[in-house]
Amino acid sequence: MNIFHKFLSRFKKKDGIFFDKMEQLLGFPPKEIHYYEEAFTLGTVRTDSAQPHISYERLEFLGDAILGAVIAHFVFLQAPDKNEGDLTKMRTRMVRRENLNQIGEDLRLREYLLADKRTLLSGNIAGNLLEALVGAIYLDRGYSKATEFIHRILIDTNLSMRDLENKVISYKSLMVEWAQKYHKTIAFVSEEDPTYKGRTKYFQAKVMINDKVFAKAHDTSKKKAEERAAKRAFFRAGDKKKSSKKNNKGKKQ
């Protein structure tokens, strides 16, 4: 019996058990169980052109896109104060291959896999199966159920929004901390720069330390300009600290 017929016979005999396992995994009952059967099939070898090719890989392709869209929406709603660059970094961290692999392992997705015991599995198989499962949910129950499932697994993992936000560097926050540490006043002042001509507006931002301009920068929004200026101020503050240490060493010698 070839693997294709093994695949069919396996689920014809155990459809009820597999259905129950899927319902427990998903948190809701599947409508079309064959999507999930395909999501946990490594692949079939075609013996003739009429035989369908069954593999998780097509669903993995679809699930990857759905996962990216849902997580982008999730991050967008949960981090309203973040700009486009920060949102992109946060989404990228959440869909990193090692994160998806870990979630797949936590869900024990390998246990649902149809594969010969001698088959060598990729180190990314758990993450691949997760994406395939998301693709199966989307085809079976639609975008809303796929979103519901993804949100649940995000909550059940360590990929919290607080952890992600802490990993996104905010130079404005770093400069505020620096000013507090060294007992200095700090202010961020931004305004539209009239010297820039053309359709695109540019803004000039200044970092004021003890009422004096410490750093400044331009960009296409106030927020971006302030962050850019804060970044320059942060590195300038670091250079001043290094210079001060060198001077103190020289005096001691």
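Residues numbered from 1 in each chain as written. Predicted model: local features only at pLDDT ≥ 70, side-chain atom pairs only at ≥ 80, totals over all residues. Heavy atoms only, no water.

- For the protein, an unreviewed UniProt entry supplies the name Ribonuclease 3 and the organism Capnocytophaga gingivalis.
- Database annotation for the protein, UniProt heading Sequence similarities (unreviewed entry): "Belongs to the ribonuclease III family." (UniProt positions renumbered as here; feature names shortened; annotations may be inferred.)

**Concerning the pattern of salt bridges**
Link 1 in the chain: Taken as a whole and judged by the stated rule, the model has seven salt bridges.
Link 2 in the chain: Between Arg96 and Glu98 there is a salt bridge; the shortest N-O distance is 2.3 Å.
Link 3 in the chain: In this structure Arg96 comes out as partly exposed when scored by relative accessible area, which is 40%.
Link 4 in the chain: Judged by its relative accessible area of 42%, Glu98 falls in the partly exposed class. (Salt bridge = Lys/Arg side-chain N within 4 Å of Asp/Glu carboxyl O. Buried < 20%, exposed > 50% of the residue type's maximum accessible area, 1.4 Å probe, protein only.)

**Some remarks on the environment of Glu37**
Link 1 in the chain: Along the chain, the position of Glu37 falls in helix α2 (residues 33–39).
Link 2 in the chain: As for Glu37 and Tyr112, which are separated by 75 residues in sequence, their C-alpha atoms are 8.9 Å apart. (Helix = DSSP H or I, 4+ residues; strand = E, 2+ residues; numbered from the N terminus.)

**Concerning the nonpolar core**
Link 1 in the chain: Membership of the largest hydrophobic core comes to 40 residues, with the highest contact counts inside it found for Tyr36, Phe40, Leu109, Leu133 and Phe149.
Link 2 in the chain: Mapped by element, the contributors of at least two residues to this core are α1 (3–26), α2, α3 (56–78), α4 (84–94), α5 (97–106), α6 (125–141) and α7 (143–156).
Link 3 in the chain: Residues in contact with Phe149, not counting those within four places in the same chain, are Leu25, Leu26, Leu107, Leu130, Leu133, Val134 and Ile137.
Link 4 in the chain: Counting residues in hydrophobic clusters, the runner-up holds 16 residues, among them Ala179, Ile209, Ala215 and Ala230. (Core = buried A, V, L, I, M, F, W, Y, C linked by side-chain atoms within 4.5 Å. Contact = heavy atoms within 4.5 Å.)

**Here we look at the UniProt feature "binding site: Mg(2+)" (unreviewed entry) in the protein**
Link 1 in the chain: UniProt annotation of "binding site: Mg(2+)" (unreviewed entry) refers to Glu60, Asn128 and Glu131 when read in the numbering used here. Taken along the chain, the residues just named run across 72 residues; in space they keep tight, none of their C-alpha pairs more than 6.1 Å apart.
Link 2 in the chain: By secondary structure assignment, the location of Asn128 is in helix α6.
Link 3 in the chain: Along the chain, Glu131 turns up in helix α6.
Link 4 in the chain: Every residue in contact with Glu131, bar those within four places of it in the chain, is listed here: Leu59, Glu60, Gly63, Asp64, Leu67, Arg97 and Leu100.
Link 5 in the chain: Within the local environment of Glu131, its side chain forms a polar contact with the side chain of Arg97, the two groups lying 3.2 Å apart. (Polar contact = N/O pair within 3.5 Å; in protein donor to acceptor, adjacent residues only side chain to side chain.)

**A short note on the sheet that holds strand β1 (residues 186–192)**
Link 1 in the chain: An order of β1-β2-β3 is seen for the three strands of this open sheet, with the pairing classed as antiparallel. With one partner strand each, in any of the chains shown, β1 and β3 (212–219) form the two edges of the open sheet. Between one strand axis and the next, the sheet turns through 20 degrees on average, direction left out of account.
Link 2 in the chain: As paired strands, strand β2 (residues 203–209) and β3 are joined by seven bridges and run antiparallel to one another. Bridged to Ile209 within β3 is Lys212. (Pairing = 2+ DSSP bridges. Axes fitted to C-alpha atoms, helices over the stretch in contact; angles between N-to-C directions.)

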